[in-house]
Amino acid sequence: NGASWTYGGKLVFNPTFVGYVNRYFKYASNGVDRIDFIGTEHHPRDFNNNIYHGYIKGGQMFRSDGTLVDANIFDNSAPNQTSLTKIFQSDPENGTQVNTRAWTTDLQIDSNGNPYAIFTTRANDVPVNTNGYNDHRFWYARYDGTQWNVHQLAKAGARLYSSEQDYTGLVALDPQDPNRL
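Predicted model, so just to flag it, every value in this text is computed and none were measured.

Our focus in this paragraph is the pairing of strand β7 (residues 99-109). Across the 11 residues of β7, 11 count as buried, placing the element largely inside the fold. In this sheet, strand β8 (residues 115-123) lies alongside β7 in antiparallel orientation, the contact comprising eight bridges. What sits directly across from T104, in β8, is F119. The loop that links β7 with its antiparallel partner β8 comprises five residues; one of these, G113, has a positive phi angle of about 85°.

Right, dumping it as structure tokens:
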């Protein structure tokens, strides 16, 4: 019932965002000593998000390759999420964009301790905030111990309802088999 919880500090911080800023994170643990996470900069309705990865171990935060990002996750300072490993770079919204406004969906850890993830993007949203509401895509990303391998998985279809442009049906990863959804 929350009695054993204590505040641990901020995970990430971006001083350029003000007001409602809800970065969307998914977490997975190896159950022993490490918590992996993926996240965005903001809500896709309000920002052309990318997807980032990091992990926490021993009270410190690291990039995917083990590079130290934050030596003390329990203090009141926090890194910007852009200092983490970028898994997916959204296309610039300049009239030629194909995949934009990424959003996290699921994250798991494989038997080798490597993370794998699902996320969505808007597709072919030209002009911005118009056609992309009806064309979303699922993406699969998997870290092999050296690099992230990212592949478009399937069409996710149109938004589910008009007030939330990026709500679609979802995909769940099999936590026991990274090759199965």
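Moving on: the nonpolar core. Within the largest apolar cluster, 14 residues are counted, with the highest numbers of intra-cluster contacts made by I38, I51, I87, F88 and F119. Contributing elements (two or more residues each) for this core: β6 (85-88), β7, β8 and β9 (136-143). If we ignore the near neighbours within four places in the chain, the residues touching I38 are Y24, F25, K26, I51, Y52, H53, I87, T104, D106, L107, A117 and I118. In this structure, F25, F37, Y52 and I73 belong to the second largest nonpolar core, which totals eight residues.

In this structure the tally under the stated criterion is 10 salt bridges. E164 is paired through a salt bridge with R45; the nearest N and O atoms lie 2.8 Å apart. Of this pair, E164 sits in the segment after β10 (148-157) while R45 sits in the loop between β2 (35-39) and β3 (51-57), and the two are 119 residues apart along the sequence. The buried category is assigned to E164, whose relative accessible area is 14%. Put simply, D110 and R142 hold a salt bridge, and the shortest N to O gap is 3.6 Å. Here D110, found in the loop between β7 and β8, pairs with R142, found in strand β9; they are 32 residues apart in sequence, far enough to count as distant.

Across the sheet, four strands lie side by side as β7-β8-β9-β10; this open sheet has antiparallel pairing. This sheet does not close on itself; its edge strands, each paired only once, are β7 and β10. Between one strand and the next, the sheet's axes are offset by a mean angle of 25°, whatever the strand orientation. Bridge count for β9 against β10 is eight bridges, and the pairing is antiparallel. The residue bridging R142 from the neighbouring strand is N149, located in β10.

Parameters and conventions
- Residues numbered from 1 in each chain as written.
- Predicted model: local features only at pLDDT ≥ 70, side-chain atom pairs only at ≥ 80, totals over all residues.
- Heavy atoms only, no water.
- Buried < 20%, exposed > 50% of the residue type's maximum accessible area, 1.4 Å probe, protein only.
- Helix = DSSP H or I, 4+ residues; strand = E, 2+ residues; numbered from the N terminus.
- Pairing = 2+ DSSP bridges.
- Core = buried A, V, L, I, M, F, W, Y, C linked by side-chain atoms within 4.5 Å.
- Contact = heavy atoms within 4.5 Å.
- Salt bridge = Lys/Arg side-chain N within 4 Å of Asp/Glu carboxyl O.
- Axes fitted to C-alpha atoms, helices over the stretch in contact; angles between N-to-C directions.

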